[in-house]
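Take a look at the letters that make up each chain.
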Amino acid sequence: MNVLEFSGLVAAGSVLAGLLGALTGLGGGVIIVPLLTIGLGVDIRYAVGASLVSVIATSSGAAAAYVREGFTNLRVGMLLEIATTLGALVGATLAAALAPSFIAVIFGVVLLHSAWVGRRPDPHRGDAQPDPLGARLRLNGAYPSPTGMQPYHVRRVPAGAALMAVAGVLSGLLGIGSGAVKVLAMDRAMQLPFKVSTTTSNFMIGVTAAAGAGVYLGRGYIDPGLAMPVMLGVLAGALLGARVLTAAPPRHLRLVFTVVIALLGAEMILNGLTGAL
């Protein structure tokens, strides 16, 4: 295919990636990397570089809408971003020393684990006590629902911060924005409502990805001709996803989250083990 056809395919796939990334808080990277490497034969390091750029676009496109709607917890996002940005710098540095097939297998294992944990319904939150640290930092909040504003408490802040550091390493290493780990950390460890978790993840992933993207840019792994259609497509999909999420039931969002990352995780492991990447 010629350059125009290639760019068109990349942009069309990126729109879908941005839509799913905005709905699930994954950032679109979990779709972009397999799309480019498996579907179009792009080297995984360049795919990760383009994915990091797209993650920044997703965060910029969706996060503003979510903040305006009142779903995003800005104080939680800014606090946890400290740990995840430091982790992203470590992960991006490690990426240059690891083989592409090994990175693909790590990517797949992370996705399958995220799907396994995320398949379960929301944990029961009523009996748990609010975290004193969360109260002191004024992290508790409320989000809009059909019945009005629903208050919630933030719990286990140290555990959430530790998981965010791991998420940052995975972001820099894999170019996925680490949205899967971030959503699960806030949803499971910190027990935030699922819509709050996904929207706060979208707010955070742009900063995390920017930290890793700087390292990839310095190593020459960001190709403007590849990154541009990816970024534009993901941005369009993210803006569409932000409109859909406000009316979507959390149960349906969780199902989409689980199915998408399980399928992609299995495919990435298979291709990594067979040397297809």
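Residues numbered from 1 in each chain as written. Predicted model: local features only at pLDDT ≥ 70, side-chain atom pairs only at ≥ 80, totals over all residues. Heavy atoms only, no water.

I would appreciate a short explanation of the overall build of the protein in the present structure.
From N to C terminus, the protein includes 11 helices and two strands. Counted from the first residue to the last, the protein has its helices and strands arranged as α-α-α-α-α-α-β-β-α-α-α-α-α. Across the 277 residues of the protein, 53% fall into the buried class. Across the protein, every contact between residues at least 6 apart in sequence was considered, and the portion connecting residues at least 24 apart equals 82%. With the model as given, the accessible surface of the protein reaches about 11300 Å², and the carbon-plus-sulfur share is 70%. (Helix = DSSP H or I, 4+ residues; strand = E, 2+ residues; numbered from the N terminus. Buried < 20%, exposed > 50% of the residue type's maximum accessible area, 1.4 Å probe, protein only. Contact = heavy atoms within 4.5 Å. Areas by Shrake-Rupley, 256 points an atom, 1.4 Å probe, with all protein chains shown as cover.)

I keep staring at the confidence of the model for the protein and nothing clicks. Help me out?
Any region with low pLDDT has predicted coordinates that should not be read closely. Chain-level pLDDT for the protein is 77 on average; 84% of the residues reach the 70-or-more range. Within the protein, the element-level pLDDT minimum falls on helix α5 (residues 100–118), averaging 73, and the maximum on strand β2 (residues 148–152), averaging 84. (pLDDT = per-residue confidence, 0-100.)

Teacher, can you tell me more about helix α10 (residues 224–245) here?
An α-helical turn contains 3.6 residues, so any two residues separated by three or four positions project in the same direction. Across its 22 residues, α10 extends 30 Å between first and last C-alpha, which sits within 8% of the 32 Å expected from 1.5 Å per residue. Here α10 has its buried residues at L226, A227, P229, V230, G233, V234, G237, A238, G241, A242 and L245. Its side-chain oxygen at 3.0 Å from the backbone nitrogen of G225, D223 defines the N-terminal cap of α10. (Expected span 1.5 Å × (residues − 1). Polar contact = N/O pair within 3.5 Å; in protein donor to acceptor, adjacent residues only side chain to side chain.)

For this particular structure, what's the right way to read the nonpolar core?
A general trend in soluble globular proteins is that nonpolar side chains are found buried together. Counting residues in hydrophobic clusters, the biggest one holds 50 residues, and the most contacted among them are L36, I44, Y216 and V230. No other element matches the nine residues that helix α3 (residues 44–69) contributes to this core. Those residues in contact with V230, other than ones at most four positions away along the chain, are V10, S14, I32, L36, A50 and S54. Of all hydrophobic cores here, the second largest spans 15 residues; its members include F71, Y152, V157 and M186. (Core = buried A, V, L, I, M, F, W, Y, C linked by side-chain atoms within 4.5 Å.)

Just to check I follow, could you spell out the pairing of β2 for this structure?
Each regular strand displays side chains that alternate between the two surfaces of the sheet. Two strands pair when backbone bridges link them, and strand β1 (residues 141–145) and β2 are joined in this way by five bridges, in the antiparallel orientation. Directly across from G141, in β2, lies its bridge partner Y152. Count of turn residues in the β1/β2 antiparallel hairpin: two residues. (Pairing = 2+ DSSP bridges.)

I keep staring at a nonpolar patch on the surface and nothing clicks. Help me out?
On the surface, a cluster of nonpolar side chains totalling about 420 Å² of accessible area is made up of L79, I82, L86, L89 and L137. Within the secondary structure, L89 sits in helix α4 (residues 74–95). Judged by relative accessible area, which is 38%, L89 ranks as partly exposed. (Patch = residues over 30% accessible without salt bridge, like charges linked within 9 Å, V, L, I, M, F, W, Y side chains within 5 Å. Salt bridge = Lys/Arg side-chain N within 4 Å of Asp/Glu carboxyl O.)

I tried to follow the environment of P146 on my own but got confused; where do I start?
Mapping P146 onto the fold places it in the loop between β1 and β2. You can call P146 exposed: its relative accessible area is 89%. Sequence-wise, P146 and A247 are 101 residues apart; in three dimensions their C-alpha atoms are separated by 9.0 Å.

Explain the packing of aromatic side chains to me, please; I cannot follow it from the model alone.
Given two aromatic rings, their pairing is described by the distance between the two centres and the angle made by the two planes. Following the criterion strictly, the structure yields two aromatic pairs and no others. Taken together, a centroid distance of 5.6 Å and an interplanar angle of 85 degrees make the contact between Y46 and Y221 edge-to-face. Here the residue Y46 occupies a position in helix α3, and Y221 occupies one in the loop between α9 (194–218) and α10, the gap between them amounting to 175 residues. (Phe/Tyr/Trp six-rings, centres within 6.5 Å; stacked < 30°, edge-to-face > 60°.)

Is there a simple way to think about the environment of V260 in this case?
The residue V260 is located in helix α11 (residues 250–273) in this model. If sequence neighbours within four positions are ignored, V260 has contacts with L20 and I31.

Help me out: how do you make sense of unusual backbone geometry in this one?
Generally, phi is negative for residues other than glycine and the peptide bonds are trans, each holding for most cases. In this structure, R138 takes a positive phi of about 55 degrees despite not being glycine. Topologically, R138 is positioned in the loop between α6 (132–136) and β1. For R138, a relative accessible area of 58% puts it in the exposed group. Of note, the phi angle at R156 is positive, near 50 degrees, even though the residue is not glycine. Position of R156 relative to the elements: it lies in the loop between β2 and α7 (157–174).

Just to check I follow, could you spell out the environment of T93 for this structure?
Here T93 is to be found in helix α4. For T93, a relative accessible area of 44% gives the class partly exposed. Sequence separation between T93 and V169 is 76 residues; the distance between their C-alpha atoms is 9.4 Å. Not counting the four nearest positions on each side in its chain, T93 is found in contact with V215 and R219.

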